[in-house]
Amino acid sequence: QQPQQQQQAAAGGKAAAAPAATAAADKSSPTAAAAAATPDPTVEFDADLFNTHLRTRNLGQVFHCLARTASTQKLASDFSRGRGPLAHGTVFLAEMQTSGVGRQSRTWESKPKGNIYMSLIWVARSARLAAGVDSQGGSSLSSDSASRKAATPGAGAGAPAAPKSYAAAAAKPAASSQSILESVAEEMRKLNFAIALAIANAAADLGVTQAKVKWPNDVWVGTRKLAGILIDFNGRDTGVAGVGINVNENMRESAVAATATSISDELGKKVSREEMLALFCNHLEALMQKDFPDIINAFIQKDVLYQQSISVFDKREGVAGKPMFDAMVVGYKEDGRLIVRRADTNEEIVLTDEEVSVRKRPQGSA
């Protein structure tokens, strides 16, 4: 159920990204030095504080913070095309987005209300290894260290050019391309589940222990949505994950009070967005080292739908339409598809989020 457009993931706006001031967490780059010299007063996110909580080897180590843009998803996609596997782990965060697109192409605008709207680049392990970037994200390329530094996005020339060392590695022919593509697709499905778990785990670290995951890509507290996720896969080797997390906005006084919540609403106090984002990155990088079945098992432990009654809707109509049928959630396939038992026929069937949407049925409903 996703009536609250503002809570959709920080997803790919179709309009070109507007130029915006940036601050980079990578302090040694020229971009970061310039940003530090002339801080943008409209960017409230503290990249230095974020760094103090970050424990990753790669995820979030290259970080762009923007005051306003059309879409972080657009910026991240352009950036990844220019840098290939070297873009792995880069994070783009904006205080405000004007042309985001969520699931089913729903458009939305995020206001600067103390939440997290971000996109991260995840390059499949096979592509990183082929380009000389190890499975943990460390680079073994001989190119200048500046090739992994953040560059100012949205400023005229588009995404940075790929370093020569990456271009040469990318030109090598791929072996067993079909099996590699299947492995990459599975990694992207795992990423979707791992992101939801990482958000729930990070929220729990801050005290929201009742944060749960909802198939296929939401985080809920009780009956209210806390976060949403959308992954754009380029069909080859890279996913750009848009993530929207309600952190410090007072959702209880908003138009979506009945269906949305925030971390501050749950705790009764403001929390550090910088710590929340760092905790999320820490959890996600660790989770992605696990096998997919282990991720699925962890997902089940926090799943609000497991062994619950749901209504199943045609994806084209969404949950506002008429349900196709009701069912009981009984498990998951190894690839993350949902296994349900129909209430009318008692038949077990497998659902994919590309075809259906689901909604938990209220207790006691007929």
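What you see is a predicted model; the values in this text were computed from it and never measured.

So, on to the packing of aromatic side chains. The tally for this structure, following the rule as stated, stands at 8 aromatic pairs. Taking the centre distance of 4.8 Å and the plane angle of 35 degrees together, the rings of Phe 50 and Phe 63 count as tilted. Taken together, the positions of Phe 50 in helix H2 (residues 47–53) and Phe 63 in strand E2 (residues 63–66) put the pair 13 residues apart, joining distant regions of the chain. The class for Phe 50 is buried, based on a relative accessible area of 0%. Note on Phe 63: relative accessible area 0%, which makes it buried. Taken together, the aromatic side chains of Phe 193, Phe 292, Phe 299 and Tyr 332 make up a single cluster linked through ring pairs.

Quick look at the sheet that holds strand E11 (residues 309–314) now. If you walk across this open sheet you meet the 5 strands as E14-E13-E12-E11-E15, and the pairing is antiparallel. At either end of the open sheet lies a strand with only one pairing partner, and these are strand E14 (348–351) and strand E15 (356–360). Across the sheet, the mean angle from the axis of one strand to that of its neighbour is 45 degrees, orientation sign disregarded. By the bridge criterion, 4 bridges tie E11 to strand E12 (residues 325–332) in an arrangement that is antiparallel. Looking at E12, one finds that Ser 311 is bridged to Asp 326.

Turning our attention to the packing of helix H6 (residues 177–205) against helix H8 (residues 273–287). Direction vectors running N to C along H6 and H8 enclose 135 degrees, while the axes themselves pass 8 Å from each other. As summarised for this structure, H6 and H8 are arranged oblique, according to the angle between their axes. Pair H6 / H8 crosses with right-handed handedness. Residues Leu 191, Ala 194, Ile 195, Leu 197, Ala 198, Ile 199, Asn 201, Ala 202, Ala 203 and Asp 205 of H6 pack against Met 276, Leu 279, Phe 280, His 283, Leu 284 and Leu 287 of H8. Along the lines of polarity and charge, the residues of the contact of H6 with H8 split into 13 nonpolar, 2 polar and 1 charged.

This part covers the nonpolar core. If you look at the biggest cluster of nonpolar residues, it comprises 72 residues, and the most contacted ones within it are Ile 195, Ile 199, Trp 215, Leu 277, Phe 280, Leu 284 and Leu 351. At 13 residues, the largest contribution of residues to this core is made by H6. Excluding anything up to four places from it in sequence, Leu 351 contacts Trp 215, Val 312, Phe 325, Arg 337, Leu 338, Val 340, Val 356 and Val 358. Phe 79, Phe 92, Ala 94 and Ile 121 belong to the second largest nonpolar core, which has 11 residues in total.

It is worth spelling out unusual backbone geometry at this point. In this model, Trp 215 is joined to Pro 216 through a cis peptide bond whose omega is 5 degrees. Checked against the element boundaries, Pro 216 lands in the loop between strand E7 (211–214) and strand E8 (218–221). Its identity is not glycine, yet Gln 307 carries a phi of approximately 60 degrees, on the positive side. Backbone geometry at Asn 346 places phi at a positive 65 degrees, although glycine is not the residue there. As for its position among the elements, Asn 346 is in the loop between strand E13 (338–342) and E14.

Turning our attention to the confidence of the model for the protein chain. It should be kept in mind that the predicted coordinates are not to be read in detail where pLDDT is low. Looking at the protein chain as a whole, its pLDDT mean stands at 79, while 72% of the residues score no less than 70. For residues 1–41, every residue scores under 50 in pLDDT, and the model assigns this stretch 131 contacts once sequence neighbours within four places are set aside. Below pLDDT 50 for its whole length, residues 135–174 participates in 78 contacts with residues either more than four positions away or in separate chains.

Once that is clear, we can look at the packing of H6 against helix H9 (residues 292–301). Put simply, H6 and H9 touch, their axes get as near as 10 Å, and they point 30 degrees apart. The pairing of H6 with H9 is recorded here as roughly parallel in orientation. Once H6 is placed against H9, the crossing between them reads as left-handed. Seen from H6, the contacting residues are Glu 186, Arg 189, Lys 190, Phe 193, Ala 194, Ala 196 and Leu 197; seen from H9, they are Phe 292, Ile 295, Ile 296, Ala 298 and Phe 299. Tallied by class, the residues present in the contact of H6 with H9 amount to 9 nonpolar, no polar and 3 charged.

Every buried residue belonging to H9 is among Phe 292, Ile 295, Ile 296, Phe 299 and Ile 300, and all of these are buried. Within H9, the buried residues cover an arc of 140 degrees as seen down the axis, which keeps them to one side. Close packing links the buried residues of H9 with H6, E7, H8 and E12.

Scanning all chains against the criterion turns up 10 salt bridges. Of the charged contacts in the structure, one is a salt bridge between Arg 273 and Glu 95, with a shortest N-O distance of 3.0 Å. Of the two residues, Arg 273 sits in helix H8 while Glu 95 sits in the loop between strand E3 (91–94) and strand E4 (97–101), which places them 178 residues apart along the sequence. Just as Arg 273 is buried, Glu 95 falls in that class too. A salt bridge links Arg 361 to Asp 326; its shortest N-O distance comes to 3.5 Å. Of this pair, Arg 361 sits in the segment after E15 while Asp 326 sits in strand E12; the two residues are 35 residues apart in sequence, bridging distant segments of the chain. Relative accessible area serves as the criterion here: at 17%, Arg 361 is assigned to the buried category. With relative accessibility at 24%, the residue Asp 326 sits in the partly exposed group. Salt bridges sharing common partners tie together Lys 74, Asp 78 and Arg 81.

Reading the values: the criteria
Residues numbered from 1 in each chain as written. Predicted model: local features only at pLDDT ≥ 70, side-chain atom pairs only at ≥ 80, totals over all residues. Heavy atoms only, no water. Phe/Tyr/Trp six-rings, centres within 6.5 Å; stacked < 30°, edge-to-face > 60°. Helix = DSSP H or I, 4+ residues; strand = E, 2+ residues; numbered from the N terminus. Buried < 20%, exposed > 50% of the residue type's maximum accessible area, 1.4 Å probe, protein only. Pairing = 2+ DSSP bridges. Axes fitted to C-alpha atoms, helices over the stretch in contact; angles between N-to-C directions. Parallel < 35°, antiparallel > 145°, perpendicular 65-115°, else oblique. Left-handed = near helix turned anticlockwise from the far one by under 90°. Contact = heavy atoms within 4.5 Å. Nonpolar A, V, L, I, M, F, W, Y, C, P; charged D, E, K, R; others polar. Core = buried A, V, L, I, M, F, W, Y, C linked by side-chain atoms within 4.5 Å. pLDDT = per-residue confidence, 0-100. Arc of directions from axis to C-beta. Salt bridge = Lys/Arg side-chain N within 4 Å of Asp/Glu carboxyl O.

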